[in-house]
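# Breakdown of the fold
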Amino acid sequence: MIADGEGMPSPYVEFGREEWRALRAEMPLSLTPDDLEALRGLNDRTDFAEVEEVYLPLARLIGLFAAADGRLRDAVGAFLGDPVAPTPFVIGIAGSVAVGKSTVARLVRTLLARGPGEPKVELVTTDGFLYPNATLAERGLMNRKGFPESYDRRALLGFVSAVKAGAAELSVPVYDPLSYDIVPEARQVVRRPDILIVEGLNVLQTARPGGLALSDLFDFSIYVDARVNDARQWYIDRFFALRRTVFTDERSFFHPYARVDPDEAAAYAERMWREINEVNLVANILPTRERATLVLCKDHDHRIHRVRLRRI
């Protein structure tokens, strides 16, 4: 157990890469170089060393949590004298824009699905629960996209509640990063997974007094952490990488920024970070970090260098 900056006991125990790597045990590596390339996000630097040293121990730990959850369910069934039906094990993944949440989520999904027992694993991002741009514009929220109020939180909570209740089939809206909007009529279908991963900026937020929070339904949660200044630089670097690729498509919402002067593009990216993403991070996302089961701590090189695991 470690202490925080004020000498109070911390609920977390902290591991360096070497210590954490030793906890992999016999967890198999089921990825190929092509798999990893397909799973990595734009500008992401995750390599095989990081998969072996960070993600394989993490996949093993999640498997142990899921097994313990099953034993607890059986204990409740024994207490009631009536078996309790299995329900999906739900994982939440949170963190700032540009820290690599999506890569973490895809890697965890793939390693779990190919791991012991080969469970059925579904991944849903909260982007699908953003209000459509027309609704955001009507409510004056286009410049607060990604803030808690820009999501249909009731629909998101209802979806995860239904998954936990064992619904046979559910569908959720689909978000298109190219158009920067919800795709009309498109749906992602989720059919009774063994494990559900929910990835998004604000998934660890608490509820209003007397209410139920999305995070109350998680069996395990991960926060992808980084210094604010590092996240800022990664955001700007990613913006320029997108400017050279996705933004060149005329269908892209941000297509105009593929053609403007680089200085103008840089000024726009800096303003987007300072006025929207950093404000959201500091006010809404970062305060939820201490609620996570596990924190992946990234250094300025975008690689995970420490892992914090909740013990109390």
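Further up the page is the structure itself.
These numbers were taken from a predicted model, which means no experiment stands behind them.

Moving on, we come to the overall build of the protein. Looking only at helices and strands, the protein has eight helices and nine strands in total. Sorting the 312 residues of the protein into buried and exposed places 47% on the buried side. Considering only contacts within the protein whose residues lie at least 6 apart along the sequence, 70% involve residues at least 24 apart. About 15,500 Å² of surface is accessible on the protein, with carbon and sulfur atoms providing 52% of the total. Measuring between centres, the 40 positive side-chain charges of the protein sit 2 Å from its 45 negative side-chain charges.

Now for the pairing of strand β5 (residues 181–190). Relative to β5, strand β4 (residues 170–176) runs antiparallel, the two sharing six bridges. If you follow Y175 over to β5, its bridge partner there is I182. Between β4 and β5, which follow one another and run antiparallel, lie four residues, and Y180 among them has a positive phi close to 60 degrees.

The description of two aromatic rings rests on the distance between their centres and on the angle between their planes. One pass over the full model with this rule turns up 13 aromatic pairs. Ring centres of F239 and Y268 lie 5.8 Å apart, and the angle between their planes is 45 degrees; this geometry places the pair in the tilted category. With a gap of 29 residues between them, F239 in helix α7 (residues 228–244) and Y268 in helix α8 (residues 262–285) connect regions that are remote in the sequence. You can call F239 buried: its relative accessible area is 5%.

It is worth spelling out the sheet that holds strand β2 (residues 89–95) at this point. Strand order in the open sheet made by the seven strands is β1-β9-β8-β7-β2-β6-β3, with mixed pairing throughout. What marks the edges here is a single partner per strand, and that holds for β1 (12–16) and β3 (121–125). Sheet twist, expressed as the average angle between the axes of neighbouring strands with direction ignored, equals 20 degrees. Relative to strand β9 (residues 304–310), β1 runs antiparallel, the two sharing five bridges. Note on β9: the bridge partner recorded for V13 is L309. Contacts between helix α4 (residues 101–113) and the sheet are confined to β2, β3, β6 (195–199), β7 (220–225) and β8 (294–298), with β6 contributing the most and set at about 175 degrees to the helix.

So, about α4. With 13 residues, α4 should reach 18 Å at 1.5 Å per residue; the first-to-last C-alpha distance of 18 Å fits that figure. Buried within α4 are the following residues: K101, T103, V104, A105, L107, V108, T110, L111 and L112.

Where nonpolar side chains cluster on the molecular surface, the patch consists of L72, V76, F79, L80 and V84 and spans about 510 Å² of accessible area. Within the secondary structure, F79 is located in helix α3 (residues 48–80). By relative accessible area, F79 is classed as exposed at 72%.

Closest axis-to-axis distance for the α3/α4 pair is 10 Å, and the angle between their directions is 60 degrees. Classified by the angle their axes make, α3 and α4 are oblique. Note on packing geometry: the crossing formed by α3 with α4 is right-handed. The segment α3 lies against α4, with V51, Y55, L56, L58, A59 and I62 engaging V104, L107, V108, L111 and L112. A class-by-class count of the residues in the contact of α3 with α4 yields 11 nonpolar, no polar and no charged.

Of note in the backbone geometry, E185 takes a positive phi value of approximately 75 degrees without being a glycine. Position of E185 among the secondary structure elements: in strand β5. In this model, R192 sits at a positive phi of 40 degrees, which is unusual for a non-glycine residue. One can find R192 in the loop between β5 and β6.

Reading the values: the criteria
- Numbering of residues begins from 1 in every chain and follows the order in which that chain's sequence is written.
- In view of the model being predicted, local features appear only for residues whose pLDDT reaches at least 70, and side-chain atom pairs are presented and counted only at 80 or more, with totals across whole chains, interfaces and linings using the full set of residues.
- Hydrogen atoms and water are omitted, and side-chain values are computed over all heavy atoms in the structure.
- Going along the chain from the N terminus, every DSSP run of H or I of four or more residues is numbered as a helix, and every run of E of two or more is numbered as a strand.
- Note on classification: 1.4 Å probe, protein chains only; a residue is buried when its accessible area is under 20% of the maximum for its type, exposed when over 50%, partly exposed between these limits.
- Two residues qualify as a contact provided that any one of their heavy atoms is within 4.5 Å of a heavy atom in the partner residue.
- Note on areas: Shrake-Rupley with a 1.4 Å probe; residue coverage comes only from the protein chains shown.
- When charges are tallied, Lys and Arg are placed among the positive residues and Asp and Glu among the negative ones, while His and the ends of the chain are skipped.
- Charge placement uses NZ in Lys and CZ in Arg. For Asp and Glu, CG and CD serve respectively.
- At least two DSSP bridges between two strands are needed for those strands to be called paired.
- Pairing of aromatic side chains requires ring centres within 6.5 Å, counting the rings of Phe and Tyr and the six-membered ring of Trp. Pairs whose planes differ by under 30 degrees are stacked, by over 60 edge-to-face, and all others tilted.
- To get an axis, a line is fitted to the C-alpha atoms, and for a helix only the part in contact is used. The angle between two axes follows their N-to-C directions and goes from 0 to 180 degrees.
- Each residue after the first adds 1.5 Å to the expected span of a helix.
- Within the patch definition used here, like charges are joined within 9 Å and nonpolar side chains (Val, Leu, Ile, Met, Phe, Trp, Tyr) within 5 Å, considering only residues with over 30% relative accessible area and no salt bridge.
- Each salt bridge in this description consists of a side-chain nitrogen of Lys or Arg and a carboxyl oxygen of Asp or Glu lying within 4 Å of one another.
- In these notes the angle categories are as follows: under 35 degrees is roughly parallel, over 145 is roughly antiparallel, 65 to 115 is roughly perpendicular, and the rest is oblique.
- Take the far helix as your reference; a near helix turned counterclockwise from it by less than a right angle gives a left-handed crossing, and one turned clockwise gives a right-handed crossing.
- All amino acids are sorted into three groups, where Ala, Val, Leu, Ile, Met, Phe, Trp, Tyr, Cys and Pro are nonpolar, Asp, Glu, Lys and Arg are charged, and the leftover types, Gly among them, are polar.

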